[in-house]
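Understanding the architecture of this molecule
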Amino acid sequence: MKFFPLFVVISFVVFSCKTQEISNTPVVHSALETEKLLNAKAYEMRMKGVDFYSCGNEPSWSLEIDFDKMVRFTSEEFNKDIVVSMDRLMESSEAGDINYEINDDRVSLKIHIKPNVNPFIYDENNKPYLVELKVKKNKDANWHTYQGQGEYFGDLVLHDIWSLIEINGKSVSDYHINEEPFMEIHLDTNRISGFLGCNNFGGQCYFANGKMVVGYLRSTKKACLDIDIEDDFARAIGNDTFFYTVDNGILTLWNHQSKLIFKKRN
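Residues numbered from 1 in each chain as written. Predicted model: local features only at pLDDT ≥ 70, side-chain atom pairs only at ≥ 80, totals over all residues. Heavy atoms only, no water.

Re the nonpolar core
- In terms of nonpolar packing, the biggest core is built from 55 residues, with Phe73, Leu109, Leu253 and Leu260 touching the most fellow members.
- Tallying contributions element by element places strand β16 (residues 200-208) first for this core, with five residues.
- For Leu253, the residues in contact, after removing those within four places along its chain, are Met183, Met212, Ile237, Phe242, Phe243, Tyr244, Ser258, Lys259, Leu260 and Phe262.
- Listed in part, the six residues of the second largest apolar core include Ala42, Val50, Cys55 and Phe153. (Core = buried A, V, L, I, M, F, W, Y, C linked by side-chain atoms within 4.5 Å. Buried < 20%, exposed > 50% of the residue type's maximum accessible area, 1.4 Å probe, protein only. Helix = DSSP H or I, 4+ residues; strand = E, 2+ residues; numbered from the N terminus. Contact = heavy atoms within 4.5 Å.)

A look at helix α3 (residues 228-237)
- All of the buried residues along α3 are Ile229, Glu230, Phe233, Ala236 and Ile237. The arc that holds the buried residues of α3, viewed along the axis, is 150°, so those residues lie on one side.
- Taken from the residues just after α3, Asn239 is the one with a positive phi, measuring 55°. (Arc of directions from axis to C-beta.)

So, the packing of aromatic side chains
- The final tally for this structure, using the stated rule, is 16 aromatic pairs.
- Considering the side-chain rings of Phe73 and Phe78, the 6.1 Å spacing of their centres and the 75° angle between planes classify their relative orientation as edge-to-face.
- Residue classification places Phe73 among the buried positions, given a relative accessible area of 1%.
- Classification of Phe78 by relative accessible area gives buried; the value is 10%.
- Ring geometry for Tyr129 against Tyr152: centres 5.2 Å apart, planes inclined by 85°, an arrangement best described as edge-to-face. Within this pair, whereas Tyr129 is found in strand β10 (residues 129-137), its partner Tyr152 is found in strand β11 (residues 144-152), the two being separated by 23 residues in sequence.
- Residue classification places Tyr129 among the buried positions, given a relative accessible area of 6%.
- An aromatic cluster of at least three residues, connected via ring pairs, comprises Phe52, Phe67, Tyr100, Phe120, Tyr129, Tyr152 and Tyr206. (Phe/Tyr/Trp six-rings, centres within 6.5 Å; stacked < 30°, edge-to-face > 60°.)

Digging into the sheet that holds strand β6 (residues 82-85)
- The strand order across the open sheet formed by nine strands is β6-β5-β4-β3-β11-β10-β9-β8-β7, and the pairing between neighbours is antiparallel. The sheet is open, and its two edges are formed by β6 and β7 (89-94), each paired on a single side. Averaged over all pairs of adjacent strands, the angle between their axes in this sheet comes to 20°, without regard to strand direction.
- The pairing of strand β3 (residues 52-56) with β11 spans four bridges and is antiparallel. Paired with Cys55 across the two strands is Gln149, which belongs to β11. (Pairing = 2+ DSSP bridges. Axes fitted to C-alpha atoms, helices over the stretch in contact; angles between N-to-C directions.)

Focus: the pattern of salt bridges
- For the coordinates displayed, the defined rule picks out six salt bridges.
- For the salt bridge of Lys48 with Glu64, the shortest nitrogen-to-oxygen distance reads 3.1 Å. Of this pair, Lys48 sits in helix α2 (residues 31-48) while Glu64 sits in strand β4 (residues 61-65), and the two are 16 residues apart along the sequence.
- Among the residues examined, Lys48 registers a relative accessible area of 42% and is labelled partly exposed.
- In this structure, the salt-bridge partner of Arg106 is Asp104, at a minimum N-O distance of 2.9 Å.
- We classify Arg106 as partly exposed; its relative accessible area is 45%.
- Looking at Asp104, the relative accessible area reads 14%, which means it is buried. (Salt bridge = Lys/Arg side-chain N within 4 Å of Asp/Glu carboxyl O.)

Below, the structure written as structure tokens:
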């Protein structure tokens, strides 16, 4: 599964939260055009190594977090970007919200991130997280407050088809089925789909820092002779949050009650 080749061509148009205007007439994008714009931004961010991106208006601002390197804040109110090394980052969490605080001898940033009312609604105007950002240059007395929306980006390598090989320590071969189950992760639309062993399934997903959040799954309703793997796979993957790792073509999803292992399909 591949990203559309037009990503790089149009990526320059999607970094602002503002609505583009030509001769004071708002541009109305079709559903396909909107999807292409979203895809382009997500692809560009992943290629840059950005793990979290948020933005807002009035005034226009944006925030990029690369958890391996730096935090970059851009705003119309400042003459140049504020860039702070990640070794200054402090993190805390409370009731599902995440707080990041960054301080150095020049600037202080306080970043509050919480899930949106419905984080599974993903389009041009809705992102999985609400963001409040406070910025203060240390020579100033007052904080500048910004509000907007943002999203974490899953690793680009996830955008593929993954064959299921193990559920909670039990090999798929032990189920004695004719066709192997699989999961396809669509980073361009924040969705997953796949095959449970007899029925097909689909659902929505979004990402946190190092985690994948899967929503409720819908499946077809074919009658199946052996539903053990259907039940086990659907129960393990649906409506839950997983840590994930990818190593040498092996994808592992796990949390406090389930562990799923997949291999990249050739």
